[in-house]
Amino acid sequence: MNFSLNELSIEIYQSIIEHNTDAIFILSANGQILEINKKALDIYGYSKEELKGIHYKEMIVPDYLEKTMESVAQTLSGQHCEYETQVYHKNGEILHLLVKIMPILIKDEIKGIFGVAINRTEFYKTKASLTKTERDLKKSQKNLATIHMALEESSILAITDRKGSIEFANNKFCEISKYSMEELIGQDHRILNSGYHSKEYFREMYRMIGSGKSWKGEIRNKAKDGSFYWVHTTIVPVLDDDGKPCQYVAIRNDITERKQAEEALRQSEERYRKLVELSPDPIIVHTDGILKYVNDAGVKLYGIDSSDEIIERPILDFVHPDYRTAVKQRMHNLKKLGNTVDLLEEKIVRFDGSLMDVEATGVGIHYEGKPSAQLIVRDITDRKLAEEALRQSEVKYRWITEHMTDLVAIIDVNGMVNYASPSYGFLIGYTPQEFEGTVVFDLIHPDDMAFVTQEFLNMIQTKKEALIEFRFKDANGNWVWVESKGTPIYDEHGKFLHALVVSRDISERKVLEEKLLHMAYHDALTDLPNRRLFKERLSQAIKEAESEHRMMAVMYLDMDKFKHINDTLGHDVGDELLMQFGKRVKRNLRQSDILARQGGDEFTILLPYIEHKQEAIQVAERILHSLQEPWQIGNHTFHTTSSIGLAFYSENGLTRNQLMKSADAALYEAKSNGRNNVKLASTYFSDKSSL
């Protein structure tokens, strides 16, 4: 070989540096890069030409520059150093490096620095990812714990094995079913079967959850003591590694009160339906002009055998063309809930094509969830015939009026009766001879006198017919509701001669209307004002309090542990307790106060006139004191208490919703503080806030 050992050594060093698996670099004593191997170039992303000659500081991330400079200074003083630093890749990425550097000594003089760098970027990325994963895992565990606690507090929980045997049941499950944990574990849900649902209902449920799908539904269960309760149930299958159910998680919520309210509503609607069906007047409901309901009297009116013959047909098919414009206007006016229209005379076309004179009044309602119109129709053929007979012939007129059931009279300008039809004898008790010559105004109810007198004068002055309702005294001294239509008659010179008054007894209709109105605004069980009436009275009281700048109060109260009494003693006892509770509370109220039932065992009280808070507090304390007395219902004697929340206008709210929310929040606080106490609202709720 022709090369010296010194030359061989240089080549060996160069080879070791270039092919080393670690990144190697050499710095001059002033910090310039003199040499760098391929591994280092791969880490930095630069070529050797780009790096050689530049100062190492240009590569260091600023936050690590001071630490790196200290290590370089120590090495230049003769020490070996190991440190971590961050540098920039050519693409801007930050790299994490573990660096070891040592001084290069030539003849005992430090000429530069030899360094080895290990890329720890992936290590730190992995560490950061693991840290984030750990945080996410802890967060998920915390969320699961929160969800478990929320479900434990709010829902009825159970877990079964794949065969349906109960492995876990929470306290709420035990409370509602009245079974202990020991009695439930190992049983299946047949222990709660009430017999209400069909076998097919449960077969479909098991088929769905057995296929791995969730199931939702409402179930009536039977508790240990024989009482029934309703739950909304969600069953979620837990799948094994093969995708087959190995457990089932059942989450239930008690909906017994809602079901009871629905049943009460159904019964109320059933009573209303019977009143409508048995009404002597035809009652018709149409939606967007399409007939949806006709009662039995309406079936007779149209001359058909069954309402099915005209249901789903346009109502205009049965209206004479001359009256269709007026009927269309009535349909438009009744689109809004609660709107009413005056009596409208029209001709209807019966099923056989014959015509009939009728008059109809209506109100806007909701029927099957849609805005609809309810019409009360009356056959006025006899009356129209009488009017026509009067115009054509006095002889024909008298003949008809003497044979019709409506009351027909001719009255002069002073209200004196010049003629009375024979029907007055068997409907009012006056013979025509007794009635003729009397002043009709003397027999009108005092409360209706001013109205009837004014309408009579308006009829004469405007020369238009008048249709009014008022109370009339019959021969026995009883007040009878009548509907009278007055038609002014004039001579050829326009002078008023007399009025033709055709009347009919509408007492039955008035009784029906009063019953319907009472049902709409009162609770079917306790006969107290219901939620709807209370809202209207509260809104009116707020307006008055605002205009008069005075205070008023709202109480929200319920019976403590009513559900326990209802479940243990039965719904009949519970219903009687609600009725007696309302009566006992009402005895402690002033005449101006209003007690209403909101639903279930919840009641509200409106105190529209108070001078200071203490008045309302005293009323609440009287109520609580009266409720300490035991209840005696059938063979049962027991005690109940009540919790009361009290809110004041305008301290706790300016609107109906604000006051109700404030009172409800105070009630919740009273129950949380041990029940059987009164709490004043301490919060002001806005209309957008929720409880």
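Residue positions are counted from 1 within each chain, in the order its sequence is given. Reporting of local features is limited, given that this is a predicted model, to residues whose pLDDT is at least 70; pairs of side-chain atoms are given and counted only at 80 or more, and all residues count toward the totals for whole chains, interfaces and linings. As a rule here, side-chain values cover all heavy atoms of the structure and leave hydrogens and water aside.

Draft legend 1. Highlighting empty space enclosed by the protein. For each structure, a 1 Å grid was placed over the protein atoms alone; sets of points admitting a 1.4 Å probe that cannot get out are labelled cavities, open sets with protein on both sides within 12 Å along at least five of seven lines are labelled pockets, and lining residues have an atom within 4 Å of a point. Grid points are joined across faces, edges and corners, and a volume is the space filled by probe spheres set on the points. Scanning the entire structure with this criterion turns up five cavities of 30 Å³ or more. Forming the walls of the largest cavity are 23 residues, and the residues nearest its centre are Ile-411, Ile-468, Phe-470, Ser-484 and Val-501. At the level of elements, β16 (407-411), α16 (446-462), β18 (466-473), β19 (479-490) and β20 (496-505) are the ones that each hand at least two residues to the lining of the largest cavity. Gly counts as polar in this scheme, as do all residues outside two lists: the nonpolar Ala, Val, Leu, Ile, Met, Phe, Trp, Tyr, Cys and Pro, and the charged Asp, Glu, Lys and Arg. Partitioned by chemical class, the residues of the lining of the largest cavity number 18 nonpolar, three polar and two charged. Looking at the second largest cavity, its volume works out to about 210 Å³. Helix numbering and strand numbering both begin at the N terminus, where a helix is a DSSP run of H or I of at least 4 residues and a strand a DSSP run of E of at least 2.

Draft legend 2. Geometry of the packing of aromatic side chains. Pairing of aromatic rings covers Phe, Tyr and the six-membered ring of Trp, with a centre-to-centre limit of 6.5 Å; geometry is then stacked below 30 degrees between planes, edge-to-face above 60, and tilted otherwise. Under the definition given, this model contains twelve aromatic pairs. Seen in terms of ring centroids, Tyr-201 and Trp-215 are 6.0 Å apart; in terms of plane orientation they differ by 85 degrees. Their pairing is edge-to-face. Here Tyr-201, found in helix α8 (residues 199-210), pairs with Trp-215, found in strand β8 (residues 215-222); they are 14 residues apart in sequence, far enough to count as distant. Using a relative accessible area of 7% as the deciding quantity, one classes Trp-215 as buried. Grouped by ring-pair contacts, the aromatic residues Tyr-424, Tyr-430, Phe-435 and Phe-472 constitute a single cluster. Cation placement over rings: the criterion is NZ of Lys or CZ of Arg within 6 Å of the ring centroid and within 35° of the ring normal. The side chain of Arg-120 reaches across the aromatic face of Phe-123, ending 4.5 Å from its centre. Type-normalised accessible area, obtained with a 1.4 Å probe on protein chains alone, sets the label of each residue: buried when under 20%, exposed when over 50%, and partly exposed for intermediate values.

Draft legend 3. Here's a closer look at the sheet that holds β19. At least two bridges found by DSSP between two strands are what make those strands a pair. Ordered in space as β17-β16-β20-β19-β18, the five strands form an open sheet in which the pairing is antiparallel. Looking at which strands have only one partner, the edges of the open sheet turn out to be β17 (417-420) and β18. Each strand of the sheet is rotated relative to its neighbour by a mean of 30 degrees, with strand direction disregarded. Across three bridges, β16 lies against β17 in antiparallel orientation. Bridge pairing in β17 links Ile-410 to Tyr-419. Axes here refer to lines fitted to C-alpha atoms; in helices the fit is confined to the stretch in contact. Angles between the N-to-C directions go from 0 to 180 degrees.

Draft legend 4. Main features of the pattern of salt bridges. The salt bridge criterion pairs a side-chain nitrogen of Lys or Arg with a carboxyl oxygen of Asp or Glu, the two atoms within 4 Å. Considering all chains together, one arrives at 42 salt bridges under this definition. For Asp-42, the salt bridge is made with Lys-38, and the minimal N-O distance between the two is 3.4 Å. Here Asp-42 and its partner Lys-38 are both found in helix α2 (residues 38-44), four residues apart, which amounts to about one turn of the helix. Residue Asp-42 is classed as partly exposed on the basis of its relative accessible area of 47%. For Lys-38, a relative accessible area of 48% translates into the label partly exposed.

Draft legend 5. Inspection of the pairing of strand β26 (residues 642-649) at higher detail. The element β26 is largely enclosed, with a buried count of eight among its eight residues. Here β26 shows a buried face lined by Ser-642, Ile-644, Leu-646 and Phe-648 and a second buried face lined by Ser-643, Gly-645, Ala-647 and Tyr-649. Sheet topology note: the β26/strand β27 (residues 678-680) ladder contains three bridges and is parallel. When the sheet's bridge partners are listed, Gly-645 is paired in β27 with Lys-679. Each parallel crossover has a hand, and the one from β26 via helix α22 (residues 656-672) to β27 is left-handed. For crossovers, right-handed means that the path from the first strand over the helix to the second runs clockwise, given strands pointing away from the viewer.

Draft legend 6. Representation of the sheet that holds strand β21 (residues 551-559) within the structure. In space, the five strands of this open sheet follow the order β22-β23-β21-β26-β27, with mixed pairing throughout. Edge positions in the open sheet fall to β22 (594-599) and β27, since each of these has one partner strand only. Each strand axis lies, on average, 20 degrees off the axis of its neighbour in the sheet, ignoring direction. Where β21 lies against β26, eight bridges are found, and the strand directions are antiparallel.

Draft legend 7. Structural detail: the pairing of β20. Inspection of the sheet shows β16 paired to β20 by five bridges, in the antiparallel sense. Residue pairing for β20: Ala-409 is matched across the bridge by Val-501. In this sheet, β20 lies alongside β19 in antiparallel orientation, the contact comprising nine bridges. Of the residues in β20, the one forming a bridge with Ser-484 is Ser-503. The hairpin formed by β19 and β20 contains five residues between the paired strands, and Gly-494 there has a positive phi angle of roughly 85 degrees.

Draft legend 8. Inspection of the packing of helix α18 (residues 531-548) against α22 at higher detail. Two numbers describe how α18 lies on α22: the axes approach to 10 Å, and their chain directions differ by 110 degrees. Considering their axes alone, α18 and α22 lie roughly perpendicular with respect to each other. For the crossing formed where α18 meets α22, the hand is right-handed. Residues Phe-534, Lys-535, Leu-538, Ser-539 and Ile-542 of α18 form the contact with α22, whose own contacting residues are Arg-656, Leu-659 and Met-660. For the contact of α18 with α22, the per-class residue count stands at five nonpolar, one polar and two charged. Note on terminology: angles under 35 degrees are roughly parallel, angles over 145 are roughly antiparallel, angles of 65 to 115 are roughly perpendicular, and the others are oblique. If you view the pair so one helix is near and one far, a crossing is left-handed when the near helix is turned anticlockwise from the far one by less than a right angle, and right-handed when it is turned clockwise. Two residues form a contact once any of their heavy atoms are found within 4.5 Å.

Draft legend 9. Broad picture of helix α17 (residues 507-521). End to end, α17 covers 21 Å across 15 residues, agreeing with the expected 21 Å (1.5 Å per residue, within 8%). What α17 keeps buried is the set Arg-509, Lys-510, Leu-512 and Tyr-521. In an axial view of α17, the angular spread of the buried residues amounts to 160 degrees, which keeps them on one side of the axis. Across from the buried face of α17, at angles greater than 90 degrees, the exposed residues are Glu-508 and Glu-514. The span you would expect from a helix comes to 1.5 Å times its residue count less one. Each C-beta atom gives one direction from the helix axis, and the arc is the one those directions make.

Draft legend 10. Main features of the layout of surface pockets. Here the second largest pocket is characterised by a volume of approximately 680 Å³. As for the second largest pocket, its lining consists of 21 residues, of which Lys-172, Glu-175, Asp-254, Glu-257 and Lys-563 are closest to the centre. Class assignment of the residues belonging to the lining of the second largest pocket gives a composition of four nonpolar, four polar and 13 charged.

Draft legend 11. Structural detail: helix α21 (residues 613-626). Given a rise of 1.5 Å per residue, 14 residues ought to cover 20 Å, and the 20 Å separating the end C-alpha atoms of α21 matches this to within 8%. Taken residue by residue, α21 has Glu-615, Ala-616, Ile-617, Val-619, Ala-620, Ile-623, Leu-624 and Ser-626 as its buried positions.

Draft legend 12. Geometry of the environment of Leu-667. Relative to the assigned elements, Leu-667 resides in helix α22. Judged by relative accessible area, Leu-667 falls into the buried class, the value being 3%. When the C-alpha atoms of Leu-667 and Asn-677 are compared, they prove to be 9.1 Å apart, with ten residues separating the residues in sequence. For Leu-667, the residues in contact, after removing those within four places along its chain, are Tyr-556, Leu-557, Asp-558, Ser-643, Ile-644 and Gly-645.

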